[in-house]
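One letter stands for each residue in the lines below.
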Amino acid sequence: SVEQTNNMTYADHAAAFGPRLSEKGKLGFLIEPEQDPTGCSPVVVEKPPFLQEDSWIALVRRGDCSFITKVRSMQKSGATAVVVGDPDHPGRWITMYAPGDTSDVLIPSVFLAQEEYLSLLSLARTGPIPIRLELDDFISWPLIDVLIIVVISPTILLVLIYISWRIRQRQKRRAELADVKTVNKLTIKKFNRQKIRENEREECAICLEDYMEADSLRVLPCQHDFHAQCVDAWLTTQKKFCPICKACIERLPCPQQQHERGM
Ligand SMILES: [Zn+2]
Ligand SMILES: [Zn+2]
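Model, not experiment: these values are computed from the prediction. Per chain, residues are indexed from 1 in the order of the written sequence. For naming, the first written chain is A and the first written ligand is 1, with later ones following in the order written. Only residues with pLDDT of at least 70 are given local features in this predicted model, and only at 80 or more are side-chain atom pairs given and counted; all residues enter the totals for whole chains, interfaces and linings. Water and hydrogen atoms play no part in the side-chain values, which are based on all heavy atoms of the structure.

Locating Ser 119 in the fold gives a position in helix 2 (residues 114–124). Buried means the residue's accessible area, taken with a 1.4 Å probe over protein chains only, is under 20% of the maximum for its type, while exposed means over 50%, and partly exposed covers the values in between. Look at Ser 119 and you get partly exposed, because its relative accessible area is 27%. Remark: the alpha-carbon pair of Ser 119 and Leu 177, spanning 58 residues in sequence, is separated by 69 Å. The definition of a polar contact used here is a pair of N or O atoms within 3.5 Å, where within protein one atom must be able to donate a hydrogen and the other to accept one, and adjacent residues in sequence count solely through side-chain atom pairs. Side-chain polar atoms of Ser 119 contact the side chain of Tyr 10, separated by 3.4 Å. A run of H or I in DSSP becomes a helix once it reaches four residues, and a run of E becomes a strand once it reaches two; helices and strands are each numbered from the N terminus.

Following this line, the structure appears as structure tokens:
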């Protein structure tokens, strides 16, 4: 932020290039270079005699050249920091970027939106005003902005998508299975070789073992039978339909069958 001596504080956005402000900030007199208020070319700033030894901070207007050009030419002109303001667009905040190697930039620079810029400008035009550029909260560091936008937000989004996908998968899976209570209500009979009729199966289609006398068999609504143990495990952990004819053990069609019918 830009702090003015009468304790007015203006919000700013630090540039993505150049050094970061130190903990104690940057003190100086804010001066708008009269020769070139855009700061696009180096200027000679005439400081009043009482300011000769003090450092000055350039207040320049956005436009006509790139941010990095302004900062370089103000550095060349002896400024110790640069404040770039946008005179035209209310409320538009920009983090100043520069392509390529900017290691020659040795002074910090910040960006001000219209309202903050114009109010500081009117003060600066009354004469050099002492200000302090302050290091803001950690979060206003531009790289953190970028980090949040580029890395953290998509990661959070992906995690949320993954969680909701898992929940939906689990719900879908649960809808495909029979619960133990439903399965226990299905008919049980004891295998009896004497009572067997023609065309009745004598083996379990799940484990492919022949039925033994007095084996406990589960009879599904479709009249297919299996070892109770075998088919109970199938219905509660695989699918809630008959492994032979795919008839659902419940009255409603099973979810996966709806799907197969394209409903
Ligand atoms: Zn079996
Ligand atoms: Zn069946």
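Next comes the rest of the description.
Water is not among the atoms examined, so metal sites may look incomplete; donors are the N, O and S atoms within 2.8 Å of the metal, or within 3.2 Å for Na, K and Ca. Those donors, Cys 204 (SG), Cys 207 (SG), His 227 (ND1) and Cys 230 (SG), are the protein atoms that reach the zinc ion (ligand 1), and they lie 2.0 to 2.3 Å from it. Sequence spacing of the donors to the zinc ion (ligand 1): C-x2-C-x19-H-x2-C. Each member of the pair, His 227 together with Cys 230, is buried.

Side-chain atoms within 4.5 Å link the members of a nonpolar core, which is a set of buried Ala, Val, Leu, Ile, Met, Phe, Trp, Tyr and Cys residues. Ranked by size, the top nonpolar core spans 20 residues in total, and within it Phe 17, Trp 56, Phe 67, Met 74, Val 82, Val 84 and Met 96 carry the most contacts. Every element with two or more residues in this core is listed here: strand 5 (56–61), helix 1 (67–76) and strand 6 (81–85). With 4 residues, helix 1 is the largest single contributor of residues to this core. We call two residues in contact whenever any of their non-hydrogen atoms come within 4.5 Å of each other. Excluding its chain neighbours within four sequence positions, the residues that come into contact with Met 96 are Ala 15, Ala 16, Phe 17, Phe 67, Val 84, Ser 109, Val 110 and Phe 111. Counting residues in each nonpolar core, the second largest holds 17 residues, with Ile 57, Leu 59, Leu 121 and Ile 129 among its members.

Moving on, we come to the state of the cysteines. In what follows, a disulfide is any cysteine sulfur pair within 2.5 Å. In the structure shown here, the tally under the stated rule is 1 disulfide. Across the disulfide, Cys 40 is cross-linked to Cys 65 (sulfur-sulfur distance 2.0 Å). Taking the sign of the torsion about the S-S bond as the criterion, the disulfide between Cys 40 and Cys 65, at about -95°, is left-handed. Of this pair, Cys 40 sits in the loop between strand 4 (26–31) and strand 5 while Cys 65 sits in the loop between strand 5 and helix 1, placing them 25 residues apart in sequence.

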